[in-house]
Structure formats: C-alpha cells, structure tokens
Amino acid sequence: MRQDVPATRHARKRLALLFTAVVLVVIAIVVLAVVRSGPRNGAEPAAAPEAPVAVAPDSLQGSIQSVLDDNPDYRIGLAMADVSGDAALAFGDQEAFTAASTAKIITAAAYYHLVETGEATLDDPLGDYDAAFQLEAMVNESNNDSWLLLMDAVGYPQLTEYAASIGVDYDPEENLLTPAEMALVLKQLYAGDLLNQDNTAQLLSYMQDTNNEELIPAGSQSGFEVFHKYGELDGELHDAAVLAYRGSTFVLVIYTENADGTEGAGQADAIRELTAVVEKALFPSVQAGNSTP
C-alpha cells in the first residue's frame, strides 16, 4: 500500500510557526553573544558559529527533561523537526550512537537513488530474490541479510558518499549517527527531497505496520499516522519516525543506550513516554487515544 505525502499548506503552518519562532529567538541570542564577544585590540574576528540548534519552549523542555531525569541509567538523545520548516530541536545526549537498524533508511534511499539514476533496477537479483523484495524485507521486517545485500549492491564507499550528499556523516562500517542526523534523513525523505514521488511513497509504506510497533507507534496518540524505523542491538534501542496529524508533519528520533550492553526494561517505556510528551506539547488539543505513557 502506498501512502501519498501530504501537501496541505494551511494544515502544516501551525507546527512550522512553533519551530520558526524558536529559531528566531536563538538566532537573536547568538548574534548578541557574537557582538558582545567581538574582536578586541585588533584581533582577528572569531570564526562564525555553527548554525544553532533551537532551544525548546520551557514547557516542552521541562517535560522531556523530567522523563530523562526519571531514566538516569540510560543514555538518551532526542531530536525533532518540522518537515516544512528549518528549525530543529535537540534534547539529551546529542553525541553519536550506534544507529543499529535505523540506518537501514539511508541504505534504502541510496539504492532507490541508484534506480533513479539508471545504475540499478528494482528487478536486479540480490540473493534469492530481487532488489524490490530485499528493500521491503530490510525496512518492514528489519532483515539484516537483506541489509547486507543492499549495502553490497550500493557499495560501502558509495553509501558514505550518498550520505554526505544529503548532509550526513555516515560510515557503514562504524554505523554511527546522532539523533539530529537521523532526523535530517527522515525530514528530507518525507519532504520528497531524496527520491521521486513513487519511490518516496513506496519506502514510506514499508515504514508502517512493521514487525515492531511497540516503540514510537505505541506511544503515539490516536489519529497520528506513523512512519518509522526502529533499531535494536545489544544495549541500543532506538526509533526514528515521521508523525503526521491533519496535514502537520514532524520528525521524531529517540535513541537510547544501556551502558551494560543489554536492553534495559525501561528503554521502551522511555521511548513511548517521550513520544506522548512531544505530541501533547505540539498538539495539546488532541485527546489521548492509544497513548501509552
């Protein structure tokens, strides 16, 4: 089943305004700081600061921090972005995590890109099946054999080059990503910036009704459409999703890590609770349906 990418302008505006307003405040603070710390005594001007990551409104920041404080045994990083805006919000640990299977979305996009440039087809044989079968198995069932076949078909250096072309520093041998990098991938995918309309819709369709709907989908409120890719490996438990509600669409990435290398009993609960907190902050009028705090 294919899911068309929503394009309703009015419906998306409300969410974009929240992110845009936050970014303007942050930019003003950064500019003021640069002016106050400008060059003195003829010194060379300081290097321009990197693009700021927006700071969340106090209510959202406080709610998320409360969940993080309740889970001190885990390293947790969260990133979110409005698909139609430029702002990004980051919380918790923003260092790289082992991305586990969430990185399969980069491999899928890279292979579809080869299809669109005429360097591959969905009918190409990969293992016992064709590429189309392996793409669906890799994303929808999180099949690791399919992942290896597709990474080999793309080529590891080419996969790194493709990731760099979309603004992500990614080495498949290390498989490390920050929550913000994964959020950028999903944002571009849903917006149609990575693939053509048909391939975008097909890939998104594989990100629904997956073999694990117990993380962000289980924490999401009734009425939200969720496209996601989870990942789990040793002590890593992640979910990276696009959530759409009445034309407004945002990306939510939650990475968690248990330092002892085994999955902790509270990691899934933390992901679900953070999902509910974020949705409630962005859409306070939505009545909780299937939310699982």
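Because the structure is a prediction, the values reported are computed rather than measured. (Residues numbered from 1 in each chain as written. Predicted model: local features only at pLDDT ≥ 70, side-chain atom pairs only at ≥ 80, totals over all residues. Heavy atoms only, no water.)

Turning to the confidence of the model for the protein, a few remarks are in order. Mean pLDDT over the protein stands at 84; residues scoring 70 or higher make up 77%. Note that residues 1-14 has pLDDT below 50 and, in this model, 28 contacts with residues that lie over four places away or in other chains. (pLDDT = per-residue confidence, 0-100. Contact = heavy atoms within 4.5 Å.)

What follows is about the pairing of strand 1 (residues 74-82). Side-chain direction in a regular strand flips from residue to residue, so the side chains alternate between the two faces of the sheet. The buried fraction of strand 1 amounts to 8 of the 9 residues, a majority that puts the element mostly inside the structure. Relative to strand 9 (residues 248-258), strand 1 runs antiparallel, the two sharing 9 bridges. Paired with Met80 across the bridge in strand 9 is Leu252. Judged from the 5 bridges that link them, strand 1 and strand 2 (residues 88-92) form a sheet pairing that is antiparallel. Each residue of the ladder has a partner; that of Ala81, found in strand 2, is Ala88. (Buried < 20%, exposed > 50% of the residue type's maximum accessible area, 1.4 Å probe, protein only. Helix = DSSP H or I, 4+ residues; strand = E, 2+ residues; numbered from the N terminus. Pairing = 2+ DSSP bridges.)

The tendency in soluble globular proteins is for nonpolar side chains to be buried side by side. Counting residues in each nonpolar core, the largest one holds 49 residues, and the members touching the most others are Tyr170, Leu177, Met182, Leu186 and Met207. For this core, the elements supplying multiple residues, two or more each, are helix 3 (104-116), helix 4 (131-140), helix 5 (144-154), helix 6 (156-165), helix 7 (179-191), helix 8 (197-206), strand 8 (236-245) and strand 9. Once residues within four sequence positions are removed from consideration, Met182 is found in contact with Thr102, Ile105, Leu177, Ala240, Val253 and Tyr255. Ranked by size, the runner-up nonpolar core spans 30 residues in total, among them Ile64, Val67, Leu89 and Ile216. (Core = buried A, V, L, I, M, F, W, Y, C linked by side-chain atoms within 4.5 Å.)

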